[in-house]
Amino acid sequence: MTNEHNTPQAESTDHGVGRVLGTEHTSTREFRVVLDDAEYLQLDDLVVVRTQVPQQGEVRTYGIVTEVAAIYEGASFESDTHRIAVDGTLPGAKVRSAEIAITRVDPELWVSPDPGEEVERARGNERDKALYVDEMGRPLPIGMGRDGEPVFADLDFFDGRKGGHMSISGISGVATKTSFALFFLRLLAGRPDVLGEGAANLRILVFNVKGEDLLWLDKDNRYFDAAAADIWNKLGVEPGPFPSVSFWAPPRPQSGDVVVPDTGGRQEGVAAFTWTPREFIEDGLLRFLFTDATDSRNQIPFIEERVRAQLRRFAVDVEGRPGSVVLRDPIEGHSPGARVTPNPGERIISDLKSMVDAVEEFVDPEDGEPDQRWTGRVQAGTVSAFVRRLHAASHRLGQLVRAGESRRIDRRSAQVTVVAIQSLHDLGQRFVVGALLAETFAEKEQTGQRLPLSVIVLDELNKYAPREGSSPLKEMLIDIAQRGRSLGVLLVGAQQTASRVASEVMENAAIKVAGRLDAAEAERSEYGWMLPSTRARARLLKPGTMVVSQPALPVPLVVEFPFPPWATRKEEVDSSGTDPFANL
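Residues numbered from 1 in each chain as written. Predicted model: local features only at pLDDT ≥ 70, side-chain atom pairs only at ≥ 80, totals over all residues. Heavy atoms only, no water.

## Thoughts on the sheet that holds strand E3 (residues 46-53)
Condition: Only strands joined by at least two bridges in the DSSP assignment are considered to pair. Helix and strand assignments come from DSSP, with helices taken as H or I runs of at least 4 residues and strands as E runs of at least 2, each series counted from the N terminus. Axis definition: a line fit to C-alpha positions, over the contact stretch in the case of helices; interaxial angles, taken between N-to-C directions, run 0 to 180 degrees.
Reading around the barrel, the six strands line up as E1-E2-E5-E4-E3-E6 and close back on themselves, with antiparallel pairing between neighbours. Strand after strand, the sheet turns through a mean of 40 degrees between neighbouring axes, direction not considered.

## Remarks on unusual backbone geometry
Worth spelling out the cut-off: Each residue's exposure class comes from its accessible area (1.4 Å probe, protein chains only) as a fraction of the maximum for that residue type: buried when under 20%, exposed when over 50%, partly exposed otherwise.
Along the chain, aspartate 106 connects to proline 107 via a cis peptide bond; the corresponding omega equals -5 degrees. Inspection of the secondary structure assignment puts proline 107 in the loop between strand E5 (93-106) and strand E6 (118-121). Of note, histidine 165 is a non-glycine position whose phi angle comes to about 80 degrees, a positive value. Its location among the elements puts histidine 165 in the loop between strand E8 (150-154) and strand E9 (166-169). Overall, histidine 165 belongs to the buried group, its relative accessible area being 3%.

## Considering the environment of glycine 404
The test is simple: The contact criterion used throughout is that any non-hydrogen atoms of two residues lie within 4.5 Å.
Within the secondary structure layout, glycine 404 lies in the loop between helix H10 (380-397) and strand E16 (416-420). The exposure class assigned to glycine 404 is partly exposed, which follows from its relative accessible area of 24%. Through-space distance from the C-alpha of glycine 404 to that of threonine 447 is 29 Å; in sequence the pair is 43 residues apart. If near-sequence neighbours (up to four positions away) are discounted, glycine 404 is found in contact with Thr276, Pro322 and Gly323.

## What about the confidence of the model for the chain?
Detailed conclusions should not be drawn from predicted coordinates in areas where pLDDT is low. Keep this limit in mind: Values of pLDDT, which run from 0 to 100, indicate the predictor's confidence residue by residue.
On average, residues of the chain carry a pLDDT of 92, and 94% of them reach 70 or more. Taken together, the stretch residues 1-13 has pLDDT below 50 and engages in 35 contacts with residues farther than four places along the chain or on a different chain.

## Details of the sheet that holds strand E14 (residues 325-327)
If you walk across this open sheet you meet the three strands as E14-E13-E15, and the pairing is mixed. The open sheet is flanked by E14 and strand E15 (339-340), the only strands paired with a single partner. Pairing geometry for strand E13 (residues 315-318) and E15, over two bridges, is parallel. What sits directly across from valine 318, in E15, is valine 340. Relative to the sheet, helix H7 (residues 300-314) contacts E13 and E14, its axis offset from that of E13 by approximately 45 degrees.

## As for the side chain of glutamine 399
Position of glutamine 399 relative to the elements: it lies in the loop between H10 and E16. Here glutamine 399 falls in the buried class, since its relative accessible area comes to 15%. Once residues within four sequence positions are removed from consideration, glutamine 399 is found in contact with Pro251, Arg252, Pro253, Thr274 and Leu424.

## Quick look at helix H13 (residues 472-487)
Formally: One fitted axis covers the seven residues ending at a residue, a second covers the seven starting there, and the bend at that residue is the angle between these axes.
Along H13, the sharpest kink reaches roughly 50 degrees, centred on alanine 481. For H13, the full list of buried residues reads Leu473, Lys474, Met476, Leu477, Ile478, Ile480, Ala481, Gly484 and Leu487. Packing partners of the buried residues in H13 comprise helix H11 (426-447), strand E17 (454-458), helix H12 (461-464), strand E18 (489-495) and helix H14 (503-507). Taken from the residues just after H13, glycine 488 is the one with a positive phi, measuring 80 degrees.

## Things to note about the nonpolar core
Note the following rule: Only buried Ala, Val, Leu, Ile, Met, Phe, Trp, Tyr and Cys residues count toward a nonpolar core, and they belong to the same one when joined by side-chain atoms within 4.5 Å.
Ranked by size, the top nonpolar core spans 82 residues in total, and within it Phe207, Phe280, Leu289, Phe431 and Val432 carry the most contacts. In contact with phenylalanine 431, not counting residues within four places along its chain, are Trp275, Phe280, Leu285, Phe288, Leu289, Leu397 and Leu400. Counting residues in each nonpolar core, the second largest holds 73 residues, with Tyr62, Met136, Ile168 and Ala249 among its members.

## Here we look at the pairing of E5
Relative to E5, strand E2 (residues 30-35) is paired through five bridges, and the arrangement is antiparallel. Counted as the bridge partner of glutamate 30 is alanine 101 from E5. In the sheet, strand E4 (residues 57-73) pairs with E5 via 13 bridges, with the strands oriented antiparallel. Within E5, the position partnered with glutamate 73 by the bridge is alanine 93.

## Considering the packing of H11 against H13
Rule in force here: We call two directions roughly parallel when the angle between them is under 35 degrees, roughly antiparallel when it is over 145, roughly perpendicular when it lies between 65 and 115, and oblique otherwise. Handedness of each helix crossing follows the sense of rotation of the near helix against the far helix: counterclockwise by less than a right angle gives left-handed, clockwise gives right-handed. Three classes are used: nonpolar for Ala, Val, Leu, Ile, Met, Phe, Trp, Tyr, Cys and Pro, charged for Asp, Glu, Lys and Arg, and polar for all others, with Gly counted as polar.
Relative to each other, H11 and H13 sit at 30 degrees, their axes nearing to 11 Å. One element, H11, and the other, H13, form an angle in the roughly parallel class. H11 and H13 meet at a crossing whose hand is left-handed. Of the residues in H13, those touching H11 at Arg430, Val433, Gly434, Leu437, Ala438, Phe441, Lys444 and Glu445 are Leu473, Met476, Leu477, Asp479, Ile480, Arg483, Gly484 and Leu487. Counted by class, the contact of H11 with H13 contains nine nonpolar, two polar and five charged residues.

## Looking at H10
Inclusion rule: Here the expected span of a helix is defined as 1.5 Å times the quantity of residues minus one.
Taking 1.5 Å per residue as the helical rise, H10 with its 18 residues ought to reach 26 Å, and the 26 Å between its terminal C-alpha atoms agrees with that figure. Among the residues of H10, those classed as buried are Thr382, Val383, Ala385, Phe386, Val387, Leu390, Ala393, Ser394 and Leu397. At its buried positions, H10 is contacted by H7, helix H8 (352-363), helix H9 (372-375) and H11.

## Topic: the packing of aromatic side chains
Let me state the cut-off plainly: What counts as a ring pair is set by centres within 6.5 Å for rings of Phe, Tyr and Trp (its six-membered ring), and what kind of pair is set by the plane angle: stacked under 30 degrees, edge-to-face over 60, tilted for all other angles.
Using the criterion set out here, one finds 14 aromatic pairs in the structure. Seen in terms of ring centroids, phenylalanine 242 and tryptophan 566 are 4.9 Å apart; in terms of plane orientation they differ by 55 degrees. Their pairing is tilted. Here tryptophan 566 lies in the segment after strand E21 (557-560) and phenylalanine 242 lies in the loop between helix H5 (226-234) and strand E11 (245-249), a separation of 324 residues in the sequence. A relative accessible area of 3% places tryptophan 566 in the buried class. When the centroid spacing of 4.5 Å and the interplanar angle of 15 degrees are considered together, the rings of phenylalanine 362 and tryptophan 374 count as stacked. With phenylalanine 362 in helix H8 and tryptophan 374 in helix H9, the pair connects residues that are 12 residues apart, well separated along the chain. Both residues of the pair, phenylalanine 362 and tryptophan 374, belong to the buried class.

## Considerations on the pattern of salt bridges
To keep things clear, this is the line we draw: For this analysis, a salt bridge means a side-chain nitrogen from Lys or Arg found within 4 Å of a carboxyl oxygen belonging to Asp or Glu.
Inspection of the entire model under this criterion finds 45 salt bridges. Residue glutamate 58 is joined to arginine 60 by a salt bridge in which the shortest nitrogen-to-oxygen separation is 3.1 Å. Residue class for glutamate 58 comes out partly exposed when judged on its relative accessible area of 35%. Salt-bridge contacts for arginine 308 lead to glutamate 304; the nearest nitrogen and oxygen are separated by 2.7 Å. Taken together, the residues span about one helical turn, with arginine 308 and glutamate 304 both in helix H7 at a distance of four residues.

## Things to note about the packing of H7 against H8
Contact geometry for H7 and H8: axes closest at 12 Å, N-to-C directions at 105 degrees. Considering the angle they form, H7 stands roughly perpendicular to H8. Here Val307, Leu311 and Phe314 of H7 come into contact with H8, specifically with Met355, Val359, Phe362 and Val363.

Listed below in structure tokens is the structure:
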């Protein structure tokens, strides 16, 4: 019989696996176990020790195995190993032991376990107590432990009730950061019984920044097998691709009047997105053309802010040309929302290039002084630098702004929205990320409500929120990290090196995850949440194995997550026309 967490109800009836070592001091942090000859403990096993405390009664100490060791007692020299093990000419005994990090004491009377006390495996309810599952408000499975049972995280520390956000670090291609993020989100969406009221209208925004791996989330994986399906079933989720996904990509450059999404392996089911000049101006997206951290060291942000404000004042819609505007001085008089007929020779702004040209006429005219309403009192060299950056942006991402019917990304059309920006220049990627984050955050600020939840998945976080410098995009991400959880905007950020991400973002991630780490990176202070033994293991973790830290537990846990039932590249798509999960 199982409880709601898919763990056995009955308490452990195992006999002991060993005794608390009596040749070393025990403490309230750790102790060692000498194992019985017929028993063993491996890394990540959970144990419990019952200690009779004077005047208090029984106290149970729970712990997790962090290291195992073995030695020959009686051997003084290296060559004694042969005399004991092979020749039998020297008396000696093989002794196996394990180091235990204490996770919990129940009742909370912080005393050390007595030496010689029997040590048992923690199973069933005892295992739940060791992992604090019994105290979690909403335990969500986040992987499998080494004992083949689910490991849980308290969802209250992700969705904003007690904490928010998740940070995932690890070496590119080996740490499987994006794979774990998608696995976690599939569990989140597939367990409405755990998510509760937040399950209604849950929206997930995923940025595809490398390759086209995320453009197949709605397709079955031809290599998914029964063993992986069994793990998904243990986690309480019926295996299958994401049931509700929409895909968006930028238009191909110079595509003319026909807007075609700029993707390679997949065209079907992918919509192209753009912003009209009117949307660009109203949303204040000009600031996201200046996301280079070096721009903040001069007066360019000052000019950008003034130009952004003047665009809103001067822009007037053009009759018969949706999304297009002309720039007219407000003193000429036009009511808000008015549509005008262009004068002969008047510049019509229908794309980013024409907008840049129009702005240049005000800030850096060829035959006169700049309009200080647009530039303020700044040096001519700074104005020229501002204009140069505008022209560079027009060249690198000009296809994203074009007049016509609105092609904004509709984040409400599906539960998961995948935005493929891998084909864009770095500036274009930062622009799209900034624009969508600003839109999401502004909508939540208007309502002031935490629900419905909006989850944002962003890889290469160090590129968008670097530790050094400042930019509008970095400030936006810091704002989301600091205030987002109260508004239901939750960030799942992934990066190769946490040490290169803004500290304000990392410090606000309640759940921290790491895959395989570079040896030097593992020693950085950003990974201080790991035990020394866990840091050493993080250098050797295989794909599919992650270290997870959460506020509900005092020690990090090593978990494994199953093979995905959705395709991660075109070659994995099941095109047989049959249900690959029918016989699982």
